[in-house]
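Breakdown of the fold
Given next are the chains, with one letter for each unit.
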Amino acid sequence: MNTAESFAELPVAPKPPLRRFHQARWDEPIIFELSAPGRRGLAVPEPGAPLVELPETVRRAEPPKLPEMSQLHVLRHYLRLSQENLGVDLNIDVGQGTCTMKYSPKVNDRFAAAIAELHPLQHEETVQGVLEIYWRLERMLAEISGMSRVSLQPGSGSAAIYANIAMIRAYHAANGEGHRDQVITTMFSHPSNAACAKTAGYEVITLMPDADGYPDIEALRAAVGPRTAALMITNPEDTGIFNPRIREFVELVHSVGGLACYDQANANGILGITRARDAGFDLCHFNLHKTFSTPHACGGPAAGACGVSAELEPFLPGPVVTFDGAAYGMETPPHSIGKVRPFLGVTPNIVRAYAWIMAMGAEGLRQVAETAVLNNNYLMHKILQIPGASAPWDKRRVEQVRYSWQELSEETGVHSEEIGVRAADFGVHYWTSHHPYLVPEPFTLEPTESYSKEDLDEYAAILAHVASEARTDPEFVKGAPYNQSVHKIDTTSLDDPKAWAPTWRAYVRKHLS
């Protein structure tokens, strides 16, 4: 039977309610496999200065084993790979599970490219422009958070959290209170808070939610004491619920001499509305790649920012940018925890975040938050109309919601992850970062301000369709995806160190040699 789609009939039929989608599939080899000896994309011009004879001890014995390819083949390779991905530029990307995927304006990439030829070891006098951007962005984030100073050195949100716990440790040590060895966090704060505290050597105490979905303040009251180093808390938490008693939490920790650290990874819905310092926090951090629209960079390098009160300024990572009214410079604070990343930070993302905030202005930032909250509550209204979907705790949400497919899963045997994979057949998906799995069959959606009503309607319609499929043909949903570049992958190798290979050359040594 000929199942080819006809385009010859007139009049052209209207589009179906759900988008017909099929991901590209190129069987694209790894770039090293495309290499051919002698191919090159660009002939490097002869230097205009005499050649420097390197000492024998620093010379390579043989050229580096880089791929040798023409420009066309490099371009084709990466375009093909890009077509085998789902992402914000082509799809409705609201399901990254607290990762806050918003549109990053392309014009900001041009601003970032303008500083690409700067060298991190250039003298300060020759990079006054980029130092001014660092200084201005720091002052903007200080105003947004209410903090005294901000370090822009961390290369990610988690790196910023680790820098904050390192400052907390240094602060207590400097005050003769190195005995404080406990950090308190909450179950629905970002897991990086517990992970970073544990990595720094602290005992981690996790507060569970109370019957209303808020962090249990009575549990906090019982946990604080002379061993308390800090509270590290996200608000709103990853459930999307804002803790209205956050100031009481901070005051309880302060009452025993601990510090309060605000994880602002979920700040997109509270920009211009609340400030960390106004609630009494001593430290905070932002993920510039979330709230301030720089690319996530697929796990890095992204950019994080640590904000601190005046008491903690001496412990900031160094160097920080200074301004004496005439020129910009750099200095390392007197009790700095040291570097958390080479040089000043991920400068291209600093430029992008600066450009984005400048384009928005103060009123624009507030509008971002209000639109993100409006979009989230509109999408929640649509999702909760889908039979089998629910949101635990009957509370208003800010910028995201952790939903549950528990009812649908119990009825059909289809799990949340399988629904997300089937949704990818329609060009959208949701990721599986919904930890902890305290909410049964969880999925977390965060629409941000980037998406239109039509986008959100389409996304909700796709999930409603997949939920209906789960009821009528659960095995079909379990067998998805059908329209993607790859089918389901076998993840058992992820638990086998013998199969791991962090680089292509390691893969060749381990599996092909």
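Residues numbered from 1 in each chain as written. Predicted model: local features only at pLDDT ≥ 70, side-chain atom pairs only at ≥ 80, totals over all residues. Heavy atoms only, no water.

A count of helical and extended segments in the protein gives 15 helices and 11 strands. Relative to the 2.2 N^0.38 estimate, which gives 24 Å for 513 residues, the radius of gyration of the protein is 25 Å and therefore close to what a compact globule would have. Its C-alpha atoms put the protein at 80 × 75 × 50 Å along the principal axes. For the protein, buried positions account for 45% of its 513 residues. Considering only residue pairs separated by 6 or more positions, the protein has 73% of its internal contacts joining residues 24 or more positions apart. For the protein, the exposed area adds up to about 26,200 Å²; of that, 56% sits on carbon and sulfur atoms. (Helix = DSSP H or I, 4+ residues; strand = E, 2+ residues; numbered from the N terminus. Rg over C-alpha atoms; globule rule 2.2 N^0.38 Å. Buried < 20%, exposed > 50% of the residue type's maximum accessible area, 1.4 Å probe, protein only. Contact = heavy atoms within 4.5 Å. Areas by Shrake-Rupley, 256 points an atom, 1.4 Å probe, with all protein chains shown as cover.)

A cluster of like positive charges, contributed by R60, K65, R505 and R509, occupies part of the molecular surface. Looking at where R505 falls in the secondary structure, it is placed in helix α15 (residues 504–512). Relative accessible area serves as the criterion here: at 38%, R505 is assigned to the partly exposed category. (Patch = residues over 30% accessible without salt bridge, like charges linked within 9 Å, V, L, I, M, F, W, Y side chains within 5 Å. Salt bridge = Lys/Arg side-chain N within 4 Å of Asp/Glu carboxyl O. Lys, Arg positive; Asp, Glu negative; His and termini not counted. Charge placed at Lys NZ, Arg CZ, Asp CG, Glu CD.)

For the rest of this paragraph, the subject is the nonpolar core. Core analysis: the biggest nonpolar cluster contains 55 residues, and L137, L141, L152, F281, L288, F292 and I357 have the highest contact counts within it. For this core, the element with the highest residue contribution is helix α4 (residues 128–145), accounting for 10 residues. Setting aside anything within four residues of it in sequence, one finds I357 in contact with L137, M140, L141, I144, F292 and L365. Counting residues in each nonpolar core, the second largest holds 30 residues, with I92, I383, A389 and A467 among its members. (Core = buried A, V, L, I, M, F, W, Y, C linked by side-chain atoms within 4.5 Å.)

Counted under the stated rule, the structure contains 28 salt bridges. A salt bridge links D109 to R352, with the shortest nitrogen-to-oxygen separation between them at 2.8 Å. One end of the pair, D109, is in helix α3 (residues 107–113); the other, R352, is in helix α10 (residues 347–383), and 243 residues separate them in sequence. Note that R180 is salt-bridged to E177, the shortest N-O span being 2.9 Å. Of the residues examined, R180 reaches a relative accessible area of 7% and is grouped as buried. It is possible to trace a salt-bridge network through shared partners that takes in E53, E56 and R59.

Here the focus is the side chain of D282. Its place among the elements puts D282 in the loop between β5 (259–263) and β6 (283–287). Among the polar contacts listed, one links the side chain of D282 to the backbone nitrogen of A260, at a separation of 2.7 Å. Residues contacting D282, with those up to four places away along its chain left out, are M147, H254, L259, A260, R277, G307, V308, S309 and L312. (Polar contact = N/O pair within 3.5 Å; in protein donor to acceptor, adjacent residues only side chain to side chain.)

Our next topic: a nonpolar patch on the surface. A cluster of nonpolar side chains, namely V52, L54 and V58, defines an oily patch on the protein surface of about 300 Å² accessible area. For V58, the position within the fold is in the loop between α1 (31–34) and α2 (71–83). Taking relative accessible area as the criterion, V58 reaches 53% and is therefore assigned exposed.

With that out of the way, let us pick up the pairing of strand β8 (residues 320–323). Pairing analysis gives 4 bridges linking β8 to strand β9 (residues 328–331), with the strands arranged antiparallel. By the bridge assignment, F323 is partnered in β9 with Y328. Linking β8 back to β9 in an antiparallel pair, the connection comprises 4 residues, with G325 at a positive phi of about 100°. (Pairing = 2+ DSSP bridges.)

Turning to the UniProt feature "domain: Aminotransferase class V" (unreviewed entry) in the protein, a few remarks are in order. According to UniProt, the "domain: Aminotransferase class V" (unreviewed entry) feature falls on residues 174–292. Helix makes up 26% of residues 174–292 and strand 23%, with an end-to-end C-alpha separation of 34 Å. (UniProt positions renumbered as here; feature names shortened; annotations may be inferred.)

Throughout the structure, instances matching the rule amount to 13 aromatic pairs. Ring centres 5.0 Å apart and planes at 25° place the aromatic pair Y403 and F443 in the stacked group. Residue Y403 is found in strand β10 (residues 401–404), and its partner F443 is found in strand β11 (residues 442–445); the two are separated by 40 residues along the sequence. For F443, a relative accessible area of 0% gives the class buried. A ring pair is formed by F476 and Y482, whose centres lie 4.6 Å apart and whose planes are at 15°; its orientation type is stacked. One aromatic cluster is present, formed by Y403, W405, Y430 and F443 through successive ring pairs. A cation over an aromatic ring shows up here: R139 above the ring of W135, its NZ or CZ 5.8 Å from the ring centre. (Phe/Tyr/Trp six-rings, centres within 6.5 Å; stacked < 30°, edge-to-face > 60°. Lys NZ or Arg CZ within 6 Å of the ring centre and 35° of its normal.)

An order of β1-β7-β6-β5-β4-β2-β3 is seen for the 7 strands of this open sheet, with the pairing classed as mixed. The sheet is open, and its two borders are formed by β1 (149–151) and β3 (203–207), each paired with just one other strand. Taken pair by pair, the neighbouring strands of this sheet meet at an average axis angle of 20°, ignoring direction. Relative to β3, strand β2 (residues 182–186) is paired through 5 bridges, and the arrangement is parallel. Each bridged residue has a counterpart across the sheet, and for V183 the counterpart in β3 is V204. Against the sheet, α4 engages β1, β6 and β7 (304–308), with an angle of about 120° to β1. Those strands touched by helix α5 (residues 157–174) are β2, β4 (228–234), β5, β6 and β7, and its axis lies near 165° from that of β6. (Axes fitted to C-alpha atoms, helices over the stretch in contact; angles between N-to-C directions.)

What follows deals with the packing of α4 against α10. Look at α4 against α10: their axes get within 10 Å of each other, and the N-to-C directions meet at 45°. Looking at the two axes, α4 sits oblique to α10. Classified by chirality, the crossing of α10 by α4 is left-handed. For the pair α4 and α10, the contacting residues are V130, I133, Y134, R136, L137, M140, L141 and I144 in the first and T347, I350, V351, A353, Y354, I357, M358 and L365 in the second. Considering only residue class, the contact of α4 with α10 consists of 14 nonpolar, 1 polar and 1 charged. (Parallel < 35°, antiparallel > 145°, perpendicular 65-115°, else oblique. Left-handed = near helix turned anticlockwise from the far one by under 90°. Nonpolar A, V, L, I, M, F, W, Y, C, P; charged D, E, K, R; others polar.)

Tracing the chain through its elements places H77 in helix α2. Excluding anything up to four places from it in sequence, H77 contacts E28, P29, I30, I31 and L34.

For helix α13 (residues 453–472), which comprises 20 residues, the first-to-last C-alpha distance of 29 Å matches the rise-based estimate of 28 Å (1.5 Å per residue) to within 8%. If you follow the buried residues of α13, they end up packed against α10, α11 (406–412), α12 (416–423), β11 and α14 (474–478). (Expected span 1.5 Å × (residues − 1).)

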